[in-house]
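Chain by chain, the residues run as shown.
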Amino acid sequence: MPATTARSQPDACSLLESDHRKVKKMFKDYEELTKSRSRTATQQKRDLAQEICLELTVHAQIEEEIFYPALRAALKETDLLDEAEVEHASAKDLIAQIQDATEIDDKFDAKVTVLGEYIDHHVKEERNEIFTKARAAKKLDLIAMRDQLAMRKEELMEEMTVATA
Ligand SMILES: [Fe+2]
Ligand SMILES: [Fe+2]
C-alpha cells in the first residue's frame, strides 16, 4: 500500500486517542455535576464515576496487553514505557478507591478530580512522546494493531459490564 494512503488511515494510536478524548469529556461532565448538590446529581456522579473507571480500566488493559509490549519490542528507548506503566499502576490505585467508595462526598469528588488530572498528564505524554515514537517505528504495523485493540476492547467491555451488572 502506498505510504500516502497508509498515513491517512486510522491506526492504533488514533483508536487510543479517541478513548482519551472520550474520558476527557466524561471528566468534564463530572466537574459540571459537582456544581449541584441535588440528589439526582449525586446519583449521576456515582454512575459517571463508575463509567469513567470502566473506560480507563479497559483502556489501560489493552495498552498493557497489546500496545506497550509491541512498542517495547520495536523501540530502543523504553524509559517512557516504564514510566507509563508506573502511571497506570497509580491510576489503578485511585480507580480502586473510587470503585470501593460508599459515600459520594467531597472526598469522592476530589478523588475523581485528581484521577482526571493524573490521566490528563499521562495522556499528554502518550500523545506527545509515545505515539510519535510508535508512528516513526517502521517495524510496527499500527494499522493491523488497531483492529487487534478494537477487538480486545470489545471483549473486555463485555466481560466487565457483565461482571458489574
Ligand atoms: Fe496509558
Ligand atoms: Fe492511553
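Residues numbered from 1 in each chain as written. Chains lettered and ligands numbered in written order. Predicted model: local features only at pLDDT ≥ 70, side-chain atom pairs only at ≥ 80, totals over all residues. Heavy atoms only, no water.

Enquirer: How would you summarise the coordination of the iron ion (ligand 2) if you had to cite specific residues and measurements?
Expert: Donor atoms from the polypeptide that coordinate the iron ion (ligand 2) comprise His20 (NE2), His59 (NE2), Glu63 (OE) and Glu126 (OE), at 2.0 to 2.2 Å from the metal. The coordination sphere of the iron ion (ligand 2) comprises four donor atoms, whose angles at the metal cover 82 to 172 degrees; the geometry is irregular. Sequence spacing of the donor residues for the iron ion (ligand 2), all on one chain, is H-x38-H-x3-E-x62-E. A separation of 3.3 Å is found between the iron ion (ligand 2) and the iron ion (ligand 1), which are bridged by glutamate 63. On the criterion of sequence distance, the pair formed by histidine 20 in helix H2 (residues 12-33) and glutamate 126 in helix H5 (residues 106-136) is long-range, its members being 106 residues apart. Histidine 20 gets classed as buried once you look at its relative accessible area, which sits at 6%. (Donors = N, O, S within 2.8 Å, 3.2 Å for Na, K, Ca; no water. Tetrahedral: all angles 85-135°; square planar, octahedral: opposite > 155°, others 65-115°. Helix = DSSP H or I, 4+ residues; strand = E, 2+ residues; numbered from the N terminus. Buried < 20%, exposed > 50% of the residue type's maximum accessible area, 1.4 Å probe, protein only.)

Enquirer: Tell me about the coordination of the iron ion (ligand 1), residues and numbers included.
Expert: Distances from the iron ion (ligand 1) to its protein donors, Glu63 (OE), Tyr68 (OH), His88 (NE2), His122 (NE2) and Glu126 (OE), fall within 2.0 to 2.4 Å. Here glutamate 126 falls in the buried class, since its relative accessible area comes to 1%.

Enquirer: Before we move on, could you go through the nonpolar core and cite the residues and values that matter?
Expert: Membership of the largest hydrophobic core comes to 26 residues, with the highest contact counts inside it found for Phe67, Leu71, Ile130, Leu140, Leu142, Met145 and Leu149. Looking at which element gives the most residues to this core, the answer is helix H3 (residues 39-74), with seven residues. Sequence-distant contacts of leucine 71, that is, excluding residues within four places in its chain, are made with Leu81, Ile130, Ala134 and Leu140. Residues Tyr30, Ile104, Phe108 and Val123 belong to the second largest nonpolar core, which totals 21 residues. (Core = buried A, V, L, I, M, F, W, Y, C linked by side-chain atoms within 4.5 Å. Contact = heavy atoms within 4.5 Å.)

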